[in-house]
Amino acid sequence: MYQVAICEDEPHAAERNEILLCQILDARNFRRDIDYSVHCFASPAPLLAQLERHPAAFHLLLLDIELENENGISLAAQVRTAPLSL
């Protein structure tokens with residue numbers, strides 16, 4: 001099963017991203033909760049905590065560029081350069 005994480009601090013944008021992602025995957029005959037799942041995070045800390053516990057938890061990360069107290073680009077760099085055990 002493909003695991004997707006969305007990190008977005010604006011609830012409406014997170015919901016919109018999730019809906020669009022599901023529409024794209026559903027149109028390609030992927031079934032939610034069977035072929036893929038989507039996990040939304042309102043800030044980087046819980047996402048990083050999840051990745052610390054399970055480094056390979058997600059196949060795809062969709063990160064907001066402008067997070068409230070964080071930058072999505074620096075978050076991506078942090079995730080990318082971290083060792084598998086974070």
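The structure this text deals with has already been given above.
Residues numbered from 1 in each chain as written. Predicted model: local features only at pLDDT ≥ 70, side-chain atom pairs only at ≥ 80, totals over all residues. Heavy atoms only, no water.

### Here's the deal with unusual backbone geometry
Piece 1. One non-glycine residue, Asn29, lies in positive phi territory at about 65°.
Piece 2. Examined against the element boundaries, Asn29 turns out to sit in the loop between α1 (11-27) and β2 (36-41).
Piece 3. Despite not being glycine, Asp33 shows a phi value in the positive range, around 70°.
Piece 4. Structurally, Asp33 can be placed in the loop between α1 and β2. (Helix = DSSP H or I, 4+ residues; strand = E, 2+ residues; numbered from the N terminus.)

### Some thoughts on the packing of aromatic side chains
Piece 1. The tally for this structure, following the rule as stated, stands at two aromatic pairs.
Piece 2. Where Tyr2 meets Phe30, the ring centres are 6.2 Å apart and the plane angle is 75°; that geometry is what we call edge-to-face. Of the two residues, Tyr2 is situated in strand β1 (residues 2-7) and Phe30 in the loop between α1 and β2; the sequence distance between them amounts to 28 residues.
Piece 3. Residue classification places Tyr2 among the partly exposed positions, given a relative accessible area of 49%. (Phe/Tyr/Trp six-rings, centres within 6.5 Å; stacked < 30°, edge-to-face > 60°. Buried < 20%, exposed > 50% of the residue type's maximum accessible area, 1.4 Å probe, protein only.)

### Re the pairing of β2
Piece 1. Bridge count for β1 against β2 is six bridges, and the pairing is parallel. Directly across from Val4, in β2, lies its bridge partner Val38.
Piece 2. Each parallel crossover has a hand, and the one from β1 via α1 to β2 is right-handed. (Pairing = 2+ DSSP bridges. Right-handed = clockwise from strand over helix to strand, strands pointing away.)

### A few points about the side chain of Gln3
Piece 1. Note that Gln3 resides in strand β1.
Piece 2. Residue classification places Gln3 among the buried residues on the basis of a relative accessible area of 19%.
Piece 3. Excluding residues within four positions of it along the chain, Gln3 makes contact with Ser37, His39, Ala57, Phe58, His59 and Leu60. (Contact = heavy atoms within 4.5 Å.)

### Remarks on the nonpolar core
Piece 1. Core analysis: the largest hydrophobic core is formed by ten residues, namely Ala5, Cys7, Phe41, Leu47, Leu48, Leu51, Ala57, Phe58, Leu67 and Leu75.
Piece 2. Looking at this core, the elements with two or more residues in it are β1 and α2 (44-53).
Piece 3. Ranked by residues supplied to this core, first place goes to α2 with three residues.
Piece 4. Ignoring sequence-local partners within four residues, the contact set of Ala57 consists of Gln3 and Gln50.
Piece 5. Core analysis: the next-biggest nonpolar cluster, separate from the first, contains seven residues, Val4, Cys22, Tyr36 and Val38 among them. (Core = buried A, V, L, I, M, F, W, Y, C linked by side-chain atoms within 4.5 Å.)

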